[in-house]
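The lines below spell out each chain.
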Amino acid sequence: MKVLVIGGDGYCGWATALHLANKGYEVGILDNLIRRHWDAKLGVDTLTPIAPIQQRLQRWQDLTGKPIALYVGDINNYDFLIKSLRDFGPDSIVHFGEQRSAPYSMIDREHAVMTQTNNVVGTLNILFAMRDEFPDCHLVKLGTMGEYGTPNIDIEEGYIEIEHNGRKDTLPYPKQPGSFYHLSKVHDSHNIHFACKIWGLRATDLNQGIVYGVLTEETGMDELLVNRLDYDGVFGTALNRFCIQAAIGHPLTVYGKGGQTRGLLDIRDTVRCIEIAINNPAEPGNFRVFNQFTELFSVGDLAMMVKKAGSAMGMNVEIDHVDNPRVELEEHYFNAKNTKLLDLGLQPHFLSDSLLDSLLNFAVKYKHRVDHNEILPKVSWRR
Ligand code: NAD
Ligand code: USQ
């Protein structure tokens, strides 16, 4: 099976491309490398030193003899996109290629507009390319659990049965996203759903939770294959940030009360979920939604777990409650379903202490690269 990984130079995409290539899929990566440019403009960098994509791919080929095709360009450029698709001829498209930071999308008007344009137009271009030339291709699109927000009822996988004035229907689950980035994912979901309905396309929306960890079987094979690990206040996500903060002796930056609860998963489960989704494609005309996370934790729970694991390694880990730069509920009900991927065979990794240890060890190994000025949040949701 031929799989094109859009956004394959990024955190989830790189690990996924190597995993699929290792499993024998014919893999191509399409990426415009814009994420490296955004980092450079913000003056931030991944904790782990990542090689240029061409060097990464050359090393992968030398090690395994399994070449991965590379298309460097922007999916907002339809001409480039369609030519790349014609050249590669994918059976599945895995679409990670978006601006994925909530804080980045909240910097100012330009960043909000750029995020929504990049994400919504890129996905629309893919849908039109599929309609015109690849109608049987299966789109596996990375959505986010944040599309649902934090409603005071259980969160279903994409759809909810509603009874209203004596009539019943199964409808898309209500969306209450918490940033202009998360909103872009909702717009994508609506566009993909509509395209499946009117053109008979097949798509799976993977509403992924927060990903943690850095090692997968493949990225651990060689230093040149190392994955990126973001820790700064814009692109770093909660648990990855906490581990790096612990390693450098910075108090853990819990925003507000820390009762914000989210779904999380190990990056080793991300790559496996994608494999499961492409092996079990949606039917033509079907817009399928899977909630892709393995465990639920509050931000406060995460901080306590890092403190415990760090202390066991001899670190002095303090927890700070910093003023919350975001507008979000800090204590709320959160109970989301996640059975569809488990039913298809996902065997989750859990955030056990030993796993935290390995993430902490990684943070210690590269802590000399940390820029201490980039730890505290600088982007506010308020004006
Ligand atoms: P990332 O920033 O590390 O990678 C995204 C990649 O897409 C980058 O290499 C970037 O250069 C590329 N890209 C962006 N816009 C593009 C365009 N217009 N054309 C071509 N390439 C483009 O992000 P990530 O953490 O790997 O996230 C990947 C996807 O997974 C995103 O869609 C994100 O919303 C989703 N997701 C991520 C997480 C997480 O915790 N990292 C959680 C849930 C969902
Ligand atoms: N938080 C802290 N301290 C920090 C960083 C974050 O308390 O130092 C809190 C935030 O306030 C928030 C929660 O942790 O309540 C999660 O924040 P995050 O930055 O880890 O994750 P988020 O902004 O939601 O975005 C990340 C990815 C995004 C993906 C999303 C999945 O960047 O691409 O869509 O996780 S989800 O959270 O399920 O929507």
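Residues numbered from 1 in each chain as written. Chains lettered and ligands numbered in written order. Predicted model: local features only at pLDDT ≥ 70, side-chain atom pairs only at ≥ 80, totals over all residues. Heavy atoms only, no water.

### Focus: the site of ligand 2
- The full set close to ligand 2 counts 23 residues, and T144, Y181, A238, T253 and E328 are the nearest of them.
- H182 places a polar side-chain atom, nitrogen or oxygen, 3.1 Å from an oxygen atom of ligand 2.
- A distance of 2.8 Å is found between an oxygen atom of ligand 2 and a side-chain nitrogen or oxygen belonging to R326.
- At the level of elements, α7 (180-199), α8 (238-248) and β10 (252-255) are the ones that each hand at least two residues to the shell around ligand 2.
- Of the residues in the shell around ligand 2, the class split is nine nonpolar, nine polar and five charged. (Near = heavy atom within 4 Å. Polar contact = N/O pair within 3.5 Å; in protein donor to acceptor, adjacent residues only side chain to side chain. Helix = DSSP H or I, 4+ residues; strand = E, 2+ residues; numbered from the N terminus. Nonpolar A, V, L, I, M, F, W, Y, C, P; charged D, E, K, R; others polar.)

### Comments concerning the site of ligand 1
- What surrounds ligand 1 is a group of 28 residues, the closest being C12, D31, R100, Y181 and K185.
- About the coverage of ligand 1: the protein hides 98% of its 820 Å² of free accessible area.
- The set of elements that each furnish at least two residues to the shell around ligand 1 consists of α1 (11-22), α2 (34-42), β5 (138-144), α7 and β9 (210-212).
- Of the residues assigned to the shell around ligand 1, the class counts are ten nonpolar, ten polar and eight charged. (Areas by Shrake-Rupley, 256 points an atom, 1.4 Å probe, with all protein chains shown as cover.)

### Overview of the environment of G258
- Mapped onto the secondary structure, G258 falls in the loop between β10 and β11 (261-266).
- Spatially, the C-alpha atom of G258 lies 37 Å from that of I93, the residues being 165 residues apart in sequence.
- Among residues more than four places away in sequence, those in contact with G258 are S298, V299, G300 and E330. (Contact = heavy atoms within 4.5 Å.)

### Concerning the packing of α1 against helix α3 (residues 53-64)
- Where α1 contacts α3, the two axes come as close as 12 Å, and the packing angle between them is 20°. When the axis of α1 is compared with that of α3, the two are roughly parallel. Of the two possible hands of crossing, α1 and α3 adopt the one that is right-handed. Taking contact as the criterion, the partners of W14, L18, A21 and N22 in α1 are, on α3, I53, R56, L57 and W60. (Axes fitted to C-alpha atoms, helices over the stretch in contact; angles between N-to-C directions. Parallel < 35°, antiparallel > 145°, perpendicular 65-115°, else oblique. Left-handed = near helix turned anticlockwise from the far one by under 90°.)

### Let's talk about the pattern of salt bridges
- Overall, the coordinates contain 26 salt bridges when judged by the stated rule.
- A salt bridge links R59 to D222; the shortest N-O distance between them is 2.9 Å. Here R59 is found in helix α3, whereas its partner D222 is found in the loop between β9 and α8, with 163 residues between them in sequence.
- According to the relative accessible area criterion, R59 is partly exposed, its value standing at 29%.
- Relative accessible area serves as the criterion here: at 18%, D222 is assigned to the buried category.
- Across the pair K141 and D188 runs a salt bridge whose closest N-O atoms are separated by 3.0 Å. Placement of K141 in strand β5 and of D188 in helix α7 is noted, with a sequence separation of 47 residues between them.
- Accessibility expressed as a relative area gives 1% for K141, which makes it buried.
- Relative accessible area serves as the criterion here: at 0%, D188 is assigned to the buried category. (Salt bridge = Lys/Arg side-chain N within 4 Å of Asp/Glu carboxyl O. Buried < 20%, exposed > 50% of the residue type's maximum accessible area, 1.4 Å probe, protein only.)

### Brief notes about unusual backbone geometry
- Of note in the backbone geometry, L33 takes a positive phi value of approximately 60° without being a glycine.
- By the element assignment, L33 lies in the loop between β2 (26-31) and α2.
- Since its relative accessible area comes to 22%, L33 is described here as partly exposed.
- Despite not being glycine, N165 has its phi angle at roughly 50°, a positive value.
- Considering the arrangement of structural elements, one finds N165 in the loop between β6 (159-164) and β7 (167-172).

### Examining the sheet that holds strand β1 (residues 2-6)
- Taken together, the seven strands give an open sheet; going across it, the order is β3-β2-β1-β4-β5-β8-β12, and neighbouring strands pair in parallel fashion. What marks the edges here is a single partner per strand, and that holds for β3 (69-72) and β12 (287-292). Between one strand axis and the next, the sheet turns by 20° as a mean value, whatever way the strands run.
- Pairing analysis gives four bridges linking β2 to β3, with the strands arranged parallel. Within β3, the residue paired with D31 across the bridge is V72. (Pairing = 2+ DSSP bridges.)

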